[in-house]
Amino acid sequence: MKERQLFCILIGFFLTLLAGLRAGITSDYDAYLDKYNIFKAGYIDEGMEVSYKIICDFIANTIDHFNGVLLIYAFLAIVPLVYAAIIQTRSSLLIFPYFYSYYFFLHPMTQIREAVAASMLLVSLQFIKERKLTFFIISIIIGSFFHVSLMLFLPFYIILTRVKLTFKTSIICFIICLGIAQTHLLNFVLGYNLNTDFYIISKIYMHKSTIEAGFGERTAGVYILMIYAKILFNFFLRYYENIISKQSDYFQIFLNLHFYGCLSYLILSDLHIVAARVSELLCLVEIFLVPYLVYIFKPRLFGKAMILGISFFQLIITLYIVQLSSPYRFGF
């Protein structure tokens, strides 16, 4: 076990360097670089969490290189994830191929603020299992300091500890959410011109304008297919929950949170970008769920090969269809 923990730490160290030393190979790079230069020049941007300004000011006054900002964010995102992997999955090494195949490029390599929030969400699951509300709230507040959207996760302490999802009820919930998706609920609510003084509401309106301008149409069709595949995968694991639950104390928490993440996409699907951001935050637990395939298929070597195959297939989608990253280049 100690060898696995050490290997997890070494992989985390390598991924931190990979994300922190990159050049402008991902879509959000230039936007974050512009924000860095704005803060460096002494200007204020109220549309960004104060944590980003603090980190930018620190780097500007020390090494004065944007990769310093990326390194700090990569460290803050990868370390909690590695901690959660060690505590919640018995240091399973199989999470890293799947994490690398999509979520690594999505979060530490692109959405650097969301990456820290998502990793803190994973840490908070330990306190949901242990029923430690205070520590759960603290971990969510820390994550929200880097991306305020994580505050929306606060009700999940009650949802994941009190609401029991069976195979039958999950199918009913899926059917209901399919119906809600046809009502274009989010667009309907936004039609009432909500108060944009609230940060989250103003961001939703911003994404709405972005979508209306035609951005995101290329990947919307791919994402909905991925969501349906994730839901089928969730049902598949739920069918074998008696087997997997004997191997993991966290399985039900992972499985239910993943399911809610998929449903959130269906409910919010009329605003693709918003739906994707919410579902990707909750569905990060997928990196812990996919390795459970080794408990279903025998011999286990076949299960491991299947996990690697799924990871490779998703990596192809990530790089060549969704195109989250161009070929790697160093930023220094």
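Residues numbered from 1 in each chain as written. Predicted model: local features only at pLDDT ≥ 70, side-chain atom pairs only at ≥ 80, totals over all residues. Heavy atoms only, no water.

## Notes on a positive patch on the surface
What counts here: Patch construction takes residues with relative accessible area above 30% that form no salt bridge. Like charges are linked within 9 Å, and nonpolar side chains (Val, Leu, Ile, Met, Phe, Trp, Tyr) are linked within 5 Å. Method for areas: the Shrake-Rupley scheme with a 1.4 Å probe, in which residue coverage is limited to the protein chains shown. What counts as a salt bridge is simple: a side-chain nitrogen of Lys or Arg found within 4 Å of a carboxyl oxygen of Asp or Glu. When charges are counted, neither His nor the chain ends are considered; positive counts come from Lys and Arg and negative counts from Asp and Glu. Here the site of a charge means NZ on Lys, CZ on Arg, CG on Asp, or CD on Glu. For the purposes of this entry, the term helix denotes a DSSP run of H or I that reaches at least four residues, the term strand denotes a run of E that reaches at least two, and both are numbered from the N terminus. Classification of residues uses two cut-offs on accessible area relative to the type maximum, computed with a 1.4 Å probe and protein chains only: under 20% is buried, over 50% is exposed, and between them is partly exposed.
Where like charges cluster on the molecular surface, the positive patch consists of Arg 4, Lys 298, Arg 300 and Lys 304. Tracing the backbone through its elements, the reader meets Arg 4 in helix H1 (residues 2-20). A relative accessible area of 46% means that Arg 4 is categorised as partly exposed.

## Thoughts on a nonpolar patch on the surface
Together, Leu 6, Phe 7, Leu 10 and Leu 93 make up an exposed nonpolar region whose accessible area comes to about 360 Å². Along the polypeptide, Leu 6 turns up in helix H1.

## Digging into the pattern of salt bridges
Going through the model one piece at a time under the given rule, you end up with six salt bridges. In this structure, Arg 277 and Glu 114 form a salt bridge, with 2.8 Å as the shortest nitrogen-oxygen distance. Taken as a pair, Arg 277 in helix H15 (residues 272-282) and Glu 114 in helix H6 (residues 112-129) lie far apart in primary sequence, 163 residues in all. With a relative accessible area of 29%, Arg 277 lands in the partly exposed category. Residue Glu 114 is classed as buried on the basis of its relative accessible area, which comes to 9%. The residue Lys 230 makes a salt bridge to Glu 286 at a minimum N-O spacing of 2.7 Å. Of the two residues, Lys 230 is situated in helix H12 (residues 217-239) and Glu 286 in helix H16 (residues 286-289); the sequence distance between them amounts to 56 residues. Judged by its relative accessible area of 10%, Lys 230 is buried.

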